[in-house]
Each structure stands twice: as C-alpha cells, then as structure tokens.
Amino acid sequence: MFHSKTATLQNSVSVMVYSLSGLDQLTEENVAAAMAVVEETNLSRILVTNAAGRILYDTRETGGAVGEYCLYTEVVQALLGNDANNSSYRRGAFHSRAASPVLYRNQIIGAVCAYEYDTEQAALLEGLQGNLLRLSAVIAVVVAGLSVILSRALTQKIGRLLTAIRQVRAGAYSHRADIRGADEIAQIAQEFNSLTDRLQTTEGARRRFVSDASHELKTPLAAIRLLTDSILQTEDIDLDTTREFVSDIGQEAERLARITEDLLRLTRLDSGAMGKPEVVDVLPVLEQVMRMMNLVAQEKGVELTYAAAEGCTVLAAKDEIHQVIYNLVDNAVKYSAAGGAVQVSLRWRNEQVVLQVADNGAGIPEEDLPRIFQRFYRVDKARSRAAGGTGLGLSIVRDTMEKRGGTVEAANRPEGGAVFTACWPYARGGDLA
Ligand code: ADP
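Here's what I pulled together on the structure shown here.

So, how was this worked out
- Residues numbered from 1 in each chain as written.
- Predicted model: local features only at pLDDT ≥ 70, side-chain atom pairs only at ≥ 80, totals over all residues.
- Heavy atoms only, no water.
- Near = heavy atom within 4 Å.
- Polar contact = N/O pair within 3.5 Å; in protein donor to acceptor, adjacent residues only side chain to side chain.
- Areas by Shrake-Rupley, 256 points an atom, 1.4 Å probe, with all protein chains shown as cover.
- Helix = DSSP H or I, 4+ residues; strand = E, 2+ residues; numbered from the N terminus.
- Nonpolar A, V, L, I, M, F, W, Y, C, P; charged D, E, K, R; others polar.
- Pairing = 2+ DSSP bridges.
- Axes fitted to C-alpha atoms, helices over the stretch in contact; angles between N-to-C directions.
- Contact = heavy atoms within 4.5 Å.
- Expected span 1.5 Å × (residues − 1).
- Buried < 20%, exposed > 50% of the residue type's maximum accessible area, 1.4 Å probe, protein only.
- Arc of directions from axis to C-beta.
- Core = buried A, V, L, I, M, F, W, Y, C linked by side-chain atoms within 4.5 Å.

Every one of the 20 residues lining the ligand counts as a neighbour, but N331, Y335, S384, T390 and L394 are closest to it. At 2.9 Å from a nitrogen atom of the ligand is found a side-chain nitrogen or oxygen belonging to D359. In the model, an oxygen atom of the ligand is placed 3.1 Å from a nitrogen or oxygen of the V379 main chain. In isolation the ligand exposes 530 Å². Once the protein is present, 96% of that is buried. Contributions of two or more residues to the shell around the ligand are made by α8 (318-334), α10 (393-403) and β12 (418-425). Its residues assigned to classes, the shell around the ligand shows 10 nonpolar, seven polar and three charged.

This is the structure:
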C-alpha cells in the first residue's frame, strides 16, 4: 500500500516537474501559470519552491504558505538533487509525500512537492482488519471448543485403556479393554487385548504345568515317606524287608531325579539355552542309541532292528539328537509287549532327514494322538509310571525338534502299533558357515 502510494505520488510530481521544465527561473507568477495547466485533483497539497526552499506556490486549503521556507525532508532532499518520498499511516489516515527537483540546464532551480492525505483507503483497510479480527476470534473459539471435545473423548479412551491395563496387571487376565473405533487408541487397545489373550493362555499353561509338576513330584515323595514310616514304625523289622523297602526308596528317588532332570531340560528349551549347532551325522548317534537300547530290548524280549542311509546330516547339537532318538526308541520298547518288534529307519528325502520308529505294540487311541506331546500327558498313567515314564519325554522331543526347525508326528500303523516320524531340515557341510 505504502509502495503503490509513493509510486503514484512520485509519478504526479514528475508530471508537474515536466510542466515546469521549460522555465529558466521560477517565480510565483510563472509557476502559477504553469501549474494552472496541471490537473491534479486527488492531491491534498502541492508545493513549489525555488532553489532556496522558499515557497512560490501552495494549494493548501487552509491558506497557502507562499513566501515561507519549506522544511520538509523530502523538499530538502529534492533541492539536493534527489527524488524523495515517504508514506506513513497515522490516526486512521495515510500521509504520503513525494518531492523532485526542477532543473534548468542541469541547475536545480526549485522543487515540487506533493502531499496526499487519504482516509478512504485507510477506512477500507481498517474495516478489513476488523473483519479479520472478528473472524479469527470466531475460529479461535470454534477450535478451542473442538479441541476440548476431542481431548475429552481422547482422555476418556485413554482412561479406559489405563483401567484395563491396571486390572490385567493386578491379575484379572480375563479383563479386556472395550474401545471401539479405528483410531490409534483403538488399535493400541486391540493390540493390548491380543497381548492379554496370549498372557492368559501362557498363564493358564504355566499354572497347569506347575500343578502337574507338583503332583508328579508329590507321588514319589509320598511313597518315600510311607516306606520310611513303615521301616521306623515296624518293630523287629527283619533285614530282608528293610532291604526291600530301602531299594523301593532308592527307586522312587531315581524317579524324582528323572522328573527333575526332564523338567530342567524343558526349562532350558523354554529359555532357548540350546547347545551350539553343528553339522552332525545322525547315523553314528543312532548306532550309539541302538547299542544302548539293545540290552533293554533283549531283557524285555523285544526285537530291535534298524536300517539307515549314509549321509544324513542335520544342523543341531549331538546331545539333542541323542535325546530325541533315545526318547522315541525307549517309548517304543517300553510300550511293546514281550515278543514285539521295534523297527527304526533313518533316511533322507526332499531336503529332509527322516527318522521313523515303529513298533507293533498296542498303539495310541485316536482321540489321544493330538495330546500325547503335551507335558505330563499319558494315555495310561499307571502303565507309564510302572514303566518308569515321566510323561515329559515326548514334549521334550517336540520342543527340541521345533527349536531346530524340525517336526515330529505320531500315528497308528494299520497293522497295529504306533509309528513316530521325526524330520530335520537336511544340512550340507557348508551350512554352518
Ligand atoms: P512317558 O514318560 O509316559 O512315556 P512320553 O511323553 O514319552 O511320556 O509319552 C506320553 C504318552 O504317549 C505315554 O504315556 C504313552 O501313553 C504314549 N506313548 C508314547 N509312545 C508310545 C508308543 N510307542 N506306543 C504307545 N503309546 C505311546
């Protein structure tokens, strides 16, 4: 606004300077004559001074100041040979001034100064400013109202989520955060709910495991207590009976040791503390287990045979492979009747090393098949206990296999008996590198 005002004013001054440009000297008369031709109605005041700054022509409405000296900065600047202008806004009006020198043969013979006092545009601008202020105030009120409403809704949701978190932390695992919508808070609530689902499942499994484990440990301990009580309370107990009882105590202690060993093994598997994997040839491990189990099988009158292919290498720790083969073969012998046959086969196909242990025992009832890999699950508790089982062998096998990317499955053979199939991913010599 200031810029355009000073520019138009300077233009008007140039026109006036032009009309005075033919004069060799400025006097009140010749200036008045020259200025009469110039039509400048928009301007509030036009001043023409001579080279000394004395006013020769003045259009001020309240009476000209002809004869006086003009001390405006712009006029002083013009008399020094420069174009000068200035525009400012004060008390509801634009005050703009522009001045230029009048030259005759490169001599400054005077100056023309124009002054404009504009309230019209100032009023327009002030109206606009007022409107903007009112509009801003309305927008501010609306924004403040909206943000109060939105933040209320948000804090309500966060409050509900917080309550749910606190409830779950206090142990109410069945509590869920009820937050609908598709915003981030609702998404966090959904994630929290699925996390709680998992927590509830894990917590349930943990409780079941602890209760099963305590139960398993309680049985041999109760037997030991009973046996020691019998020894202590029977008067004149003979040596043979004492020996028999102490040998029973020894067996129960052995059972306790077996259970704790299996439990420790499972804990290690859970915490992921596994032996360092290496490329292991399964055949020598299988042969070692066979040598060990042959004696047990012979004692039971079970025929134990195996067929194996060369070059069955997998990425695992030797101990784990031993454990898996041992547990499966031990079960097959354990659950076979005298005169039974257990066949073990080891081969590789489709990038997998497959170990199969088949027996011709009683097999596993179809409804129990999906559950035999669960911890402490046994089809026939009494039979398993009598055979020295802990109910943890197969879950150790499954966890060990899964940790190395393998699988294990159980099935019944059409001709009778059970068959267990364990598959490891096949590993080449360079796989470890
Ligand atoms: P356990 O120490 O009782 O043998 P496992 O986890 O090794 O525990 O096996 C779980 C259950 O699966 C056993 O109690 C048994 O009922 C059943 N089972 C395992 N292997 C065989 C098999 N070869 N034949 C029949 N039943 C089996």
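A separate point is the sheet that holds strand β9 (residues 341-349). A sheet is described by the order of its strands in space; here five strands give the open sequence β7-β9-β10-β12-β11, paired in mixed fashion. Two strands close off the open sheet at either side, each with one partner strand: β7 (303-308) and β11 (407-412). Within this sheet the neighbouring strands show an average axis-to-axis angle of 15 degrees, counted without direction. For strand β10 (residues 352-359) and β12, the ladder comprises seven bridges, and the chain directions are antiparallel. Bridge pairing in β12 places Q352 opposite P425. The sheet strands contacting helix α7 (residues 282-300) are β7, β9 and β10, and the helix crosses β7 at an angle near 170 degrees.

Let's shift gears to helix α1 (residues 2-19). Over its 18 residues, α1 runs 26 Å from end to end, which matches the ideal 26 Å to within 8%, given 1.5 Å per residue. Of the positions making up α1, those classed as buried are K5, T6, L9, Q10, S12, V13, M16 and V17. The buried residues of α1 occupy an angular sector of 160 degrees when projected down its axis, which confines them to one face. Turned more than 90 degrees off the buried face of α1, the exposed positions are H3, N11 and Y18.

Moving on to the nonpolar core. Judged by nonpolar contacts, the single largest core of 41 residues is most densely connected at I321, I325, L328, V329, V344, L355 and F420. Taken together, the elements giving at least two residues each to this core come down to α7, β8 (313-316), α8, β9, β10, α10, β11 and β12. No other element matches the eight residues that α7 contributes to this core. Contact partners of L328, with chain neighbours within four places excluded, come to L355, V357, L394, V397, F420 and A422. With 20 residues, the next largest nonpolar core counts V17, V48, L56 and V112 among its residues.

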